[in-house]
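Summary of structural features
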Amino acid sequence: MDVPVATWMVALTGLGLILLLSALQLVAVVRPHDAWTIQNVYGGSPDHTDPTAYFAFNQASAWADPFLWAPLQVGGSVGMLLGERWGFLLALMASVPFWYTAVFFFVWDRELGFRRNTVSYWIFTFGIWPVFGVIEGAYCFARLLQ
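Quick summary incoming for the structure in this document.

1. A closer look at helix α1 (residues 5–30)
Its 26 residues give α1 an end-to-end C-alpha distance of 37 Å, which sits within 8% of 38 Å, the value for a rise of 1.5 Å per residue. Packed against the buried residues of α1 are α2 (35–42), α3 (51–81), α4 (85–111) and α6 (128–145).

Structure (structure tokens):
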């Protein structure tokens, strides 16, 4: 398959997002109760809810993102850049958690009062993940239909 500029943009954006997320989540795996992790990775505060549930919910993502989701996205991005059909298939699969988990975090943030009605929250903290997931999924699906 050919590798146009759009493929480079989607693949490199996917790599950038998943590597950032994985780096943050690896910090959470190593230091799950650290103040920096709570402030910069999890958000909110365990004091505003049941601390056991707070840490369990956040630790699930901390383990799943770098060890399950990231290899799928990295493999998909590399395969896309190589022009391989399997790369677009892996990236299509990897696009699902970008938008699917956004529903959980949207509800979690809203119900626990963590959501902030700021531009930075809606674009960077929350919005970029599901928007990219939908774009990546649609792009890869369209490429696979060619």
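2. Observations concerning the packing of aromatic side chains
Throughout the structure, instances matching the rule amount to nine aromatic pairs. Taking 5.1 Å as the distance between ring centres and 90° as the angle between the ring planes, the aromatic pair formed by tyrosine 54 and phenylalanine 55 counts as edge-to-face. Ring centres 6.4 Å apart and planes at 45° place the aromatic pair phenylalanine 88 and tyrosine 139 in the tilted group. Placement of phenylalanine 88 in helix α4 and of tyrosine 139 in helix α6 is noted, with a sequence separation of 51 residues between them. A single burial state applies to phenylalanine 88 and to tyrosine 139, both of which are buried. Three or more aromatic residues joined by ring pairs form one cluster here, namely Trp69, Phe98, Trp129 and Phe132.

3. Observations concerning α3
With 31 residues, α3 should reach 45 Å at 1.5 Å per residue; the first-to-last C-alpha distance of 43 Å fits that figure. Taking the largest bend as the criterion, α3 deviates by roughly 50°, centred on aspartate 65, and proline proline 66 comes between one and four positions later. The opening residue of α3 is aspartate 50, an N-cap whose side-chain oxygen sits 3.1 Å from the backbone nitrogen of threonine 52. Two residues or fewer past α3, glycine 83 is found with a positive phi of approximately 75°.

Rules behind the numbers
- Residues numbered from 1 in each chain as written.
- Predicted model: local features only at pLDDT ≥ 70, side-chain atom pairs only at ≥ 80, totals over all residues.
- Heavy atoms only, no water.
- Helix = DSSP H or I, 4+ residues; strand = E, 2+ residues; numbered from the N terminus.
- Expected span 1.5 Å × (residues − 1).
- Contact = heavy atoms within 4.5 Å.
- Phe/Tyr/Trp six-rings, centres within 6.5 Å; stacked < 30°, edge-to-face > 60°.
- Buried < 20%, exposed > 50% of the residue type's maximum accessible area, 1.4 Å probe, protein only.
- Bend = angle between axes of the 7 residues up to and from the residue.
- Polar contact = N/O pair within 3.5 Å; in protein donor to acceptor, adjacent residues only side chain to side chain.

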